[in-house]
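# Descriptive structure summary
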Amino acid sequence: MKKEKRQRLIKQLVSEYEIETQEKLVELLAEQDVMVTQATISRDIRELNLIKIASPKGLMIYHASSEMALQTDLKLKRKLQEVVIRIDYVDQLTIIKTLPGNAHVIGVLLDNLNWKEMAGCICGNDTCLVISRNRSERKILEERFNLIFR
């Protein structure tokens, strides 16, 4: 199956099912006679800008970010207020501590904003490390985050 068709199918599956893991997505695709590896799914998820959100049942499920009605900055503000425990600043680093399982959501939203003060971010389960090119750019990020929490 061509990449475009597979990715359309992935978007359809994500909209129809509550998919918590890449493995579950691989299984659902296999049921459609589409055999792919987890690595392929990982690339597709990144290319499709799928993010994880809380379902009505409280599960963290994949969701097509283009389906979300709110603008990215508003989504970031809401998500930061919902899941961030604290934000620390060290030199040119911003460390965002979140509730477990939420750091990647913050990372995706930040990446989508394309703030020039961010060289990039690396996220784990509950920590998102935002790297700025220098301390002055990090201070700009600090001001942005302070405005969000007002």
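Relevant structure appears above.
Reading guide: rules and limits
Counting restarts for each chain: residues are numbered from 1 in the order of the written sequence. The predicted origin of the model limits local features to residues at a pLDDT of at least 70 and limits the giving and counting of side-chain atom pairs to 80 or more, whereas totals for whole chains, interfaces and linings rest on all residues. By convention in this description, side-chain values take in all heavy atoms of the structure and omit both hydrogens and water. Only the contacting stretch of a helix is used when fitting its axis, a line to C-alpha atoms as for every element, and angles between N-to-C directions run 0 to 180 degrees. The way it works is that DSSP assigns letters per residue, a run of H or I at least four long becomes a helix, a run of E at least two long becomes a strand, and they are numbered from the N terminus. Each angle is binned into one of four classes, with values under 35 degrees roughly parallel, values over 145 roughly antiparallel, values of 65 to 115 roughly perpendicular, and all other values oblique. Any two residues whose heavy atoms approach within 4.5 Å at even a single point are treated as in contact. Residues were grouped as follows: Ala, Val, Leu, Ile, Met, Phe, Trp, Tyr, Cys and Pro as nonpolar; Asp, Glu, Lys and Arg as charged; and all remaining residues, including Gly, as polar. Exposure classes here rest on a 1.4 Å probe applied to the protein chains alone. A residue is buried below 20% of its type maximum, exposed above 50%, and partly exposed in between. When DSSP finds at least two bridges between two strands, those strands are taken to pair. For the purposes of this section, nonpolar cores are sets of buried Ala, Val, Leu, Ile, Met, Phe, Trp, Tyr and Cys residues that join through side-chain atoms within 4.5 Å. For a crossing to be left-handed, the near helix must be turned anticlockwise from the far one by less than a right angle; the clockwise case is right-handed.

Helix-helix packing: each pair is described by the crossing angle between the helix axes and the interaxial distance. It is at 10 Å that the axes of helix 2 (residues 22-31) and helix 3 (residues 38-47) come closest, and there the two elements cross at 105 degrees. Between helix 2 and helix 3, the interaxial angle falls into the category roughly perpendicular. Counted together, Gln-22, Glu-23, Leu-25, Val-26 and Leu-29 of helix 2 and Gln-38, Ile-41, Ser-42 and Ile-45 of helix 3 form the full contact between these two elements. Across the contact of helix 2 with helix 3, the residue classes tally to five nonpolar, three polar and one charged.

Helical geometry note: an α-helix holds 3.6 residues per turn, so side chains three or four residues apart project in the same direction. Of all the positions in helix 5 (residues 103-113), only Ala-103, Val-105, Ile-106, Gly-107, Leu-109, Leu-110 and Leu-113 are classed as buried. The first or second residue beyond helix 5 is Asn-114, which carries a positive phi of 55 degrees.

With that settled, the discussion passes to the sheet that holds strand 3 (residues 84-90). Strand order in this open sheet of four strands is 3-4-6-5, and the pairing throughout is antiparallel. Only two strands of the sheet have a single partner each, and these edge strands are strand 3 and strand 5 (120-123). Ignoring which end each strand starts from, the neighbouring axes of this sheet average 15 degrees apart. Across six bridges, the pairing between strand 3 and strand 4 (residues 93-98) is antiparallel. Bridging across to strand 4, Arg-86 finds its partner in Lys-97.

Of all hydrophobic cores here, the largest spans 20 residues; its most connected members are Leu-76, Ile-96, Leu-110, Trp-115, Val-130 and Phe-145. For this core, the secondary-structure elements that each account for two or more residues are helix 4 (72-83), strand 3, helix 5, strand 6 (127-131) and helix 6 (135-148). Sorting elements by how many residues they give to this core places helix 5 first, with six residues. Ignoring any residue separated from it by four or fewer positions in sequence, one finds Val-130 in contact with Gln-92, Leu-93, Thr-94, Ile-96, Leu-110, Met-118, Gly-120, Cys-121 and Leu-141. Core analysis: the second largest hydrophobic core is formed by 16 residues, Leu-13, Val-14, Val-34 and Leu-50 among them.

With that out of the way, let us pick up the packing of helix 1 (residues 3-16) against helix 2. Between helix 1 and helix 2, whose axes approach to 11 Å, the crossing angle comes to 110 degrees. Here helix 1 is positioned roughly perpendicular relative to helix 2, judged by the angle of their axes. Crossing of helix 1 against helix 2: the hand is right-handed. Here Leu-9, Ile-10 and Leu-13 of helix 1 come into contact with helix 2, specifically with Leu-25, Leu-28 and Leu-29. In terms of residue class, the contact of helix 1 with helix 2 is built from six nonpolar, no polar and no charged.

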